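Here is how the chains run, residue by residue.
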Amino acid sequence: MSEINENLGKQERSQRFQIAEPENLSKRSKWLRDYFYKGRGRKWNNQFTPFTTGTDWDINWHEGDWYINPEVYFYIQALGKKDMGVFASSYRSMASPVKLPENFWELSIPERRIFFLKEVMLNYIPQEIISENDLIAGGRFNTQLSKCFNKKEAKKYWKWNIKNREANFKYHYSGFGNIGAAPGHIIPDYETVIKKGFKYIYEKAIKRYELLSKNDKRGPKGQELRAIITATEIPRKFAKKYADECKKLKEKASSPQRVEELEKMAQNLERVPWEPAETFWQAVQSLWITHMLLMAEESYPGAGLSFGRMDQYLWPYYKKDVIEEKFISKEFAKDILGSFWFHCNTAYDAMIILGRQGITSGYGQLLTLSGCGPNGEDLTNELTYTILEVIDEWYPSLEPKPNVKLHRNSPDKLLDTVINMISRAQGAPFLINFDERSMAGLIAEGIPKEEVWNYACVGCLENTMQGNDRSGTVNCNPNLVKTMELILWNGKNMPGNDKAIKKGEQLGPKSGNPENFQTWKEFWNAWRKQMEFVIKYTVDIYDKDEDIVAKLMPTPLLSSIVRGCIEKGLDIRQGGPELRFVTVNGVGFATLVDSLLAIKKFVYDEKKYTIAQIKDAIMNNFEGLEYEKMSVFLKNKAPKFGNDSDEADELARNIMKTWADECWKFKTPNNYQYRPGMLSWNYWAGEDAGLTIATPDGRKKGTFLSNAICPTSGADLKGPTAVTNSVGRAIGGITEGGELINYLPNGTSQTITFNPSILRDPEHREKFKSYLRGYIENGGTCLQINMLDTEMLKDAQIHPDNYKNLLVRVTGYNAYFTGIGKELQDEIITRECHKM
């Protein structure tokens, strides 16, 4: 009887809390989606496959690629401080040897690396068409490729690597955040590949090589350009292998229709990506083959490698084939995109052995939709809406990640479509970017006004230009809250907080004993000194991380389709791109603002507490009756960012401008300009929070920091419009002439939660549309919306099996709610749930 009651209870819960499910999928797309979500139950998968040169010193997993993921640190150091670590040693022992030509070790590093990629992708990884439902060729790409070092280079690598590891780990475990020269996070020049083909790029590289002097041909420029020339031929040979496979499969095809499809796929592959695409099907195939080869080259699946304004550069092909000549139907075009969606999601197979837990993080293969043109005109087209249909029908799905750009001239039809999609999803099915504020930041970094309209987003939400821009959008992630500890203890860690450093070690400058400061101005100036140190410390560590990959790990294929690299004869990692930046993303912003607000108000303005009392409370982690009362008081009586308060927002703006201005003072040795941004990923909820001592806003050690540009969790009490106004002011506000200012060209991540009731009827949807239009004028650069019932989330914690497909927006990415840790689940539940 109890089992019957339990089953009835589950049915009632299921009826009460409906979660988003895929809908209106074609038979073909449904099969592909269902097949992907079988996970480990599939016969086919795309998990990491390592390959080696077979030398005793070989390396095929570079730990520095993963320094921005502190959860990996344990596995790096698990075998000892100077050991290669669990992942590196495991992949090396698992790796298959690749046969090398006799002259391999006589070649330069870029030439060795591109030969190795070519050999693996053409002759070692099988070319497979996944099923009869698949319309896009290109299966396995998750590799761990040898770095192709000779013995001398490997020795140099390990010397640098161990030194950098120690520096990075000290930085992190001392509470400063994390740093790493991560691959990906770029929009390659896919548009040129589709419109002109790799043949055009091949010929361009040859012409540039022929212009070199004899000395340059023998030197680094000649080495890089020869590698690029080899690289540009790989896609043609690779596609030909897949064309041959399609021809073989015709004999086993189950129907005349499939025979015809395979014939067409073979024809497509014999043309693209070497020649310009002529049809929509060819354009999508060209895009995917190129994309998967880049992921294979970097041995870093997905992460931030993004497609740019896909609805713009594919539009001429869609318009011709679907609308004008009706060569294919809209539904067939959606099936082509559905196959593309399937392949994007297989990036998660890299960790398929972990099961569902392996597909909870966001790889960030982001595509950008809509947006404005050079004169502010709207560029939404029919392909924009078709792609939005595919997103809606496949949802919940993790990849590719869509970003919809809104601006002052966005049509009501687009906003209505966006709102309808949000209303049916729990976690936001996409990110919403805001052109005017985003472009203001990019213009400030030097992008010409006549070009800036054509920006797009990478990874989670980061703003870059397309095809010529490497902005290292996630590479430096300093914990801004660390400055509070440094100022309170005169450039040192709090006594007892010294596990990663020498006891009493002077980390930052001696800014003075704050207990002796008589005015807020003294305290503020001392804080500025510590912030200057944090940025400089961050830059110094990162420069060394970048140096390793620049000198030892070129990527000639990627360099071939980033404008500037061929022209300069320089790899993308050595300063080749036309636009070169490294982004410093501040973490814990609102926690810092609220802490400084509390000190200003209660120490200097009202003199309720002294600095000594604040320090004592922090050292005791606000534990004990006296300090607990102080914590409650600070949390509830101090001003808080996110409530449209002139006092709080002005201090927030000053803090933002201070650290953002500091970033612009530095460049890397390879001539990459540092720039500011605010993408906190999950650092605010991960180890950064655990390594951050209690703070003057009343927060205890280990409690989550604030998320990116968002207010501290639960502090935004005056509604979504108030939060919007605070965010807009903090990143620069508006000039007297009405021009938007943006201190953060990389963008800002604002995640906001709404109760589903706000979209319950047409009147409320119109109000929400007005809110989005207001955000264009007054808010930040990017909005991520959770449409969640907190009671449903609580029920999902108790009955996770009922909510396996429940996606929620964590920060710059969606994750399955039941697959993330309980602490993060609780944080999402406690976020302020707004109503209109």
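Residues numbered from 1 in each chain as written. Predicted model: local features only at pLDDT ≥ 70, side-chain atom pairs only at ≥ 80, totals over all residues. Heavy atoms only, no water.

*Asks:* I'd love a proper account of the overall build of the chain, names of residues and values included.
*Replies:* The secondary structure content of the chain amounts to 31 helices and 18 strands. With respect to the principal axes defined by its C-alpha atoms, the chain has extents near 85 × 65 × 65 Å. Across the chain, the fraction of contacts at a sequence separation of at least 24, relative to all contacts at a separation of at least 6, is 78%. Surface summary for the chain: the accessible area is close to 30,500 Å², and the carbon and sulfur share equals 49%. Counting 111 positive and 108 negative side-chain charges, the chain places the centres of these two groups 4 Å from one another. (Helix = DSSP H or I, 4+ residues; strand = E, 2+ residues; numbered from the N terminus. Contact = heavy atoms within 4.5 Å. Areas by Shrake-Rupley, 256 points an atom, 1.4 Å probe, with all protein chains shown as cover. Lys, Arg positive; Asp, Glu negative; His and termini not counted. Charge placed at Lys NZ, Arg CZ, Asp CG, Glu CD.)

*Asks:* Just give me the short version of unusual backbone geometry, but keep the residues and values in it.
*Replies:* Note that the residue after Val272, namely Pro273, is joined by a cis bond; omega there is 5°. Geometrically, the link from Tyr395 to Pro396 is a cis peptide bond, its omega value of 0° lying close to zero. Mapped onto the fold, Pro396 is located in the loop between α15 (382–394) and β6 (401–406). Positive phi, close to 55°, is recorded for Asn621, a residue that is not glycine. Residue placement: Asn621 occurs in the loop between α24 (611–619) and α25 (625–637). You can call Asn621 buried: its relative accessible area is 17%. Backbone geometry at Asp644 places phi at a positive 60°, although glycine is not the residue there. Mapped onto the secondary structure, Asp644 falls in the loop between α25 and α26 (646–663). (Buried < 20%, exposed > 50% of the residue type's maximum accessible area, 1.4 Å probe, protein only.)

*Asks:* Which residues make up the environment of Gly304, and what values do they have?
*Replies:* Structurally, the position occupied by Gly304 is in the loop between α11 (280–298) and α12 (310–313). It is 20 Å that separates the C-alpha atoms of Gly304 and Phe434, two residues lying 130 residues apart in sequence. If we ignore the near neighbours within four places in the chain, the residues touching Gly304 are Gly184, His185, Ile186, Tyr363, Gly364, Val458 and Gly459.

*Asks:* Go over the environment of Ile336, please, and point to the residues and values.
*Replies:* Inspection of the secondary structure puts Ile336 in helix α14 (residues 330–345). A C-alpha to C-alpha distance of 8.8 Å links Ile336 and Gln285, two positions 51 residues apart in sequence. Discounting chain neighbours no more than four positions away, the residues touching Ile336 are Leu135, Ile136, Phe280, Trp281, Val284 and Ile328.

*Asks:* Lay out the side chain of Ser174 in plain terms, naming residues and giving numbers.
*Replies:* Tracing the sequence through the fold places Ser174 in the loop between α6 (151–173) and β4 (177–179). Overall, the relative accessible area of 2% leaves Ser174 in the buried class. Side-chain polar atoms of Ser174 contact the backbone oxygen of Lys170, separated by 2.7 Å. Setting aside residues up to four positions removed in sequence, Ser174 forms contacts with Lys482, Asn493, Ala500 and Ile501. (Polar contact = N/O pair within 3.5 Å; in protein donor to acceptor, adjacent residues only side chain to side chain.)

*Asks:* I'd like to hear about the pattern of salt bridges, residue by residue, with values.
*Replies:* Any two side chains of opposite charge can pair, given that their charged atoms come close. According to the stated counting rule, one finds 51 salt bridges in the structure shown. Notably, a salt bridge pairs Arg42 with Asp349, separated by 2.8 Å at the nearest N-O pair. In this pair, Arg42 is assigned in the loop between α2 (27–36) and β1 (49–52) and Asp349 in the loop between α14 and β5 (366–370), connecting sequence segments 307 residues apart. Of the two residues, Arg42 and Asp349, both sit in the buried class. (Salt bridge = Lys/Arg side-chain N within 4 Å of Asp/Glu carboxyl O.)

*Asks:* I'd love a proper account of the packing of helix α28 (residues 720–730) against helix α29 (residues 762–778), names of residues and values included.
*Replies:* Packing of α28 against α29 leaves a shortest axis separation of 9 Å and a crossing angle of 20°. With respect to their mutual orientation, α28 and α29 come out roughly parallel. Judged by the sense of rotation from one axis to the other, the crossing of α28 with α29 is right-handed. Residues Pro720, Thr721, Thr724, Asn725, Val727 and Gly728 of α28 form the contact with α29, whose own contacting residues are Tyr771, Tyr775 and Asn778. Considering only residue class, the contact of α28 with α29 consists of 4 nonpolar, 5 polar and no charged. (Axes fitted to C-alpha atoms, helices over the stretch in contact; angles between N-to-C directions. Parallel < 35°, antiparallel > 145°, perpendicular 65-115°, else oblique. Left-handed = near helix turned anticlockwise from the far one by under 90°. Nonpolar A, V, L, I, M, F, W, Y, C, P; charged D, E, K, R; others polar.)

*Asks:* Account for the nonpolar core, with residues named and values stated.
*Replies:* Grouped together as the largest cluster of nonpolar side chains are 271 residues, with contacts concentrated most on Phe280, Phe523, Phe589, Leu596, Met656, Trp659 and Phe768. Element by element, the count of residues in this core is highest for helix α20 (residues 520–552), at 16 residues. Beyond its immediate chain neighbours, meaning those up to four positions away, Phe589 contacts Leu480, Phe641, Ala652, Ile655, Met656, Met678, Ser706, Ala708, Ile709 and Ala730. (Core = buried A, V, L, I, M, F, W, Y, C linked by side-chain atoms within 4.5 Å.)

*Asks:* Run through the packing of aromatic side chains, naming residues and quoting values.
*Replies:* In the structure shown here, the tally under the stated rule is 52 aromatic pairs. Between Phe141 and Trp288 the ring centres are 5.6 Å apart and the planes differ by 75°, which places this aromatic pair in the edge-to-face class. Within this pair, whereas Phe141 is found in the loop between α5 (109–123) and β3 (143–144), its partner Trp288 is found in helix α11, the two being separated by 147 residues in sequence. Here the aromatic cluster, defined as three or more aromatic residues joined through ring pairs, consists of Trp61, Trp66, Phe74, Tyr75, Phe87 and Tyr300. (Phe/Tyr/Trp six-rings, centres within 6.5 Å; stacked < 30°, edge-to-face > 60°.)

*Asks:* Residue-level account of the sheet that holds β3, with values.
*Replies:* Read across the sheet, 3 strands follow the order β2-β1-β3 without closing on themselves; strand pairing throughout is parallel. Looking at strand neighbours, the two that pair on one side only are β2 (96–97) and β3, the edges of this open sheet. Across 2 bridges, β1 lies against β3 in parallel orientation. Bridge assignment links Pro50 to a residue of β3, and that residue is Gln144. (Pairing = 2+ DSSP bridges.)

*Asks:* Just give me the short version of a positive patch on the surface, but keep the residues and values in it.
*Replies:* A contiguous patch of positive charge on the surface is contributed by Lys151, Lys155, Lys159, Lys163 and Lys544. Here the element with the most residues in the positive patch is α6; it accounts for 4 residues. In this fold, Lys544 is placed in helix α20. Residue Lys544 is classed as partly exposed on the basis of its relative accessible area, which comes to 44%. (Patch = residues over 30% accessible without salt bridge, like charges linked within 9 Å, V, L, I, M, F, W, Y side chains within 5 Å.)

*Asks:* Tell me about the packing of α11 against α14, and name the residues and values.
*Replies:* At a closest axis distance of 10 Å, the pairing of α11 and α14 adopts a crossing angle of 5°. When the axes of α11 and α14 are compared, the pair comes out roughly parallel. In this structure, α11 contributes Phe280, Trp281, Val284, Leu287 and Trp288 to the contact, and α14 contributes Phe332, Ala333, Ile336, Leu337, Phe340, His343 and Cys344. A breakdown of the residues in the contact of α11 with α14 according to their chemical character gives 11 nonpolar, 1 polar and no charged.

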